[in-house]
Amino acid sequence: MYDEFYGLSGKPFQLTPDHRFFFDSQGHHRALAYLRYGLEQGEGFIVITGGIGTGKTILVRALFSELEGRNVMAAQLVTTQVEPEDMLRMVCASFGLAHEGMNKATLLHNLEVIARTRFAEGRRILLVVDEAQNLPPRSLEELRMLANFQVDGRSLFQSFLLGQEELRRTLQLPNMEQLRQRIIAAYHLDPLSLEETSAYIAFRLNRVGWSGDPQFAPEVFELVHARTGGVPRRINTLCDRLMLFGCIEERHQLTREDVRVVAAELEHESGRPAGGEIGSTVAESGAAAVTDPGSGLTPGDLGERLSSLEAEVSRLRLIVMQERKLLRKAVLLQLELDAYDDLD
């Protein structure tokens, strides 16, 4: 919808990870460098962690896009809460191996056979486990056991683990010592800085042929960063809706107030107060809350109430603008019908 209105070749802020939209921020650059280093080493574990929506999955997409022509047989596994034997079945399924109704010994044997076969062909096995924070310790231990497949001291099976912050806590458990000793590199992805947020938005727009329409007021980027915390997925959600808002309102310049309206609408839809996950209106304005000693309210209470009121006002303003737009279209349609009747 809005891509046609603004003359774009596609949606710049789609939520589906696509390696063509991989943004080489400082953090993502280092994380990808560690993954490449792991490939060169051909052994051990690489661990990449980060909060929800910080761009771990798109790292996998970017890595896989570089594997063509390399002697690596790679598979990606997105995990849920699975027990050890189910874990082995999922690994077998990822590499196209039979797994239904087989016991653990058979599953391990099949994996070792394919690893040795690929090694004889001059290829290595790489398993990338996404959402690895969902794995219980015993399932992670099964992955470590796969690293024991060797020929002449060379590892046949390598694993990269990507997950949320809980994965780091799991790896620090006392019974994870053997796996920790096999980790050759680990990195934690942080959200984007304000400067990176601005560059990220421009980068994704340029990927779809943006030529300056719509224009963004300079303060838009600062507010988007404040509202999203610099988390790429949140940035995509907010900017996608902002572009849709601009299309509906037929605007070719987007302002700070437009961001406020759209953010308030998203917060209302999700059931969160304006000071919730997307960001705090009080915090972004830098205003200090004043407490009435006799009211029993804390500064946080006042801030939350103020944020909620601002969100509600913004939501009502959006409704009024949308109804005004519909009314304008209805009037134009009626004028066209009247003109048609005059011709008769």
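Presented here is an overview of the structure given in this document. Computed from a predicted structure; not experimentally measured.

## Details of the environment of Leu63
Logical step 1: Position of Leu63 relative to the elements: it lies in helix 3 (residues 56-65).
Logical step 2: Exposure remark for Leu63: the relative accessible area of 1% places this residue in the buried category.
Logical step 3: Sequence spacing of Leu63 and Leu35 is 28 residues, and the spatial spacing of their C-alpha atoms is 7.6 Å.
Logical step 4: The residues contacting Leu63, other than those within four sequence positions of it, are Leu32, Leu35, Leu39 and Phe160.

## A word on the nonpolar core
Logical step 1: Core analysis: the largest hydrophobic core is formed by 34 residues, its most contacted members being Val91, Phe95, Leu127, Leu140, Leu143 and Leu161.
Logical step 2: Mapped by element, the contributors of at least two residues to this core are strand 1 (45-50), strand 2 (72-78), helix 4 (84-94), helix 5 (104-120), strand 3 (124-130), helix 6 (137-146), strand 6 (157-163) and helix 7 (166-171).
Logical step 3: The contacts of Leu127, once residues within four sequence positions are left out, are Ala75, Leu77, Val91, Phe95, Leu143, Phe157, Gln158, Ser159 and Phe160.
Logical step 4: Formed by 30 residues, the second largest nonpolar core is a distinct cluster that contains Tyr6, Leu205, Ala217 and Leu242.

## Things to note about helix 10 (residues 218-228)
Logical step 1: Among the residues of helix 10, Val220, Phe221, Leu223, Val224, His225, Arg227 and Thr228 are the ones counted as buried.
Logical step 2: Just downstream of helix 10, Gly229 is the residue with a positive phi angle, here 70°.

## A look at helix 12 (residues 256-270)
Logical step 1: The end-to-end C-alpha separation of helix 12 is 21 Å, in line with the 21 Å expected for 15 residues at 1.5 Å each.
Logical step 2: Where helix 12 is concerned, the buried positions are Asp258, Val259, Arg260, Val261, Val262, Ala263, Ala264, Glu265, Leu266 and Glu267.

## Observations regarding the side chain of His188
Logical step 1: Turning to its location among the elements, His188 is positioned in strand 7 (residues 183-189).
Logical step 2: A distance of 2.8 Å separates the side chain of His188 from the side chain of Thr49, its partner in a polar contact.
Logical step 3: In this structure His188 touches Thr49, Gly50, Gly51, Glu165 and Arg168, once residues within four positions along its chain are discounted.

## Describing the side chain of Glu196
Logical step 1: Examined against the element boundaries, Glu196 turns out to sit in helix 9 (residues 194-206).
Logical step 2: For the buried Glu196, which has no salt bridge, the nearest side chain bearing the opposite charge is Arg30, at an N-O separation of 11 Å.
Logical step 3: Within the structure, the side chain of Glu196 is placed 3.1 Å from the backbone nitrogen of Gln26, a separation counted as a polar contact.
Logical step 4: Ignoring anything within four residues of it in the chain, the contact list for Glu196 reads Phe23, Ser25 and Gln26.

## What to know about the packing of helix 10 against helix 11 (residues 232-248)
Logical step 1: Relative orientation of the contacting elements helix 10 and helix 11 amounts to 130°, with a least axis distance of 9 Å. When the axes of helix 10 and helix 11 are compared, the pair comes out oblique. Helix 11 is crossed by helix 10, and the crossing has right-handed handedness. Together, Val220, Val224, Arg227 and Thr228 of helix 10 and Arg234, Ile235, Leu238, Cys239 and Leu242 of helix 11 make up the contact between the two elements.
Logical step 2: Of the residues contributing to the contact of helix 10 with helix 11, the split by class is six nonpolar, one polar and two charged.

About the cut-offs
Residues numbered from 1 in each chain as written. Predicted model: local features only at pLDDT ≥ 70, side-chain atom pairs only at ≥ 80, totals over all residues. Heavy atoms only, no water. Helix = DSSP H or I, 4+ residues; strand = E, 2+ residues; numbered from the N terminus. Buried < 20%, exposed > 50% of the residue type's maximum accessible area, 1.4 Å probe, protein only. Contact = heavy atoms within 4.5 Å. Core = buried A, V, L, I, M, F, W, Y, C linked by side-chain atoms within 4.5 Å. Expected span 1.5 Å × (residues − 1). Polar contact = N/O pair within 3.5 Å; in protein donor to acceptor, adjacent residues only side chain to side chain. Lys, Arg positive; Asp, Glu negative; His and termini not counted. Salt bridge = Lys/Arg side-chain N within 4 Å of Asp/Glu carboxyl O. Axes fitted to C-alpha atoms, helices over the stretch in contact; angles between N-to-C directions. Parallel < 35°, antiparallel > 145°, perpendicular 65-115°, else oblique. Left-handed = near helix turned anticlockwise from the far one by under 90°. Nonpolar A, V, L, I, M, F, W, Y, C, P; charged D, E, K, R; others polar.

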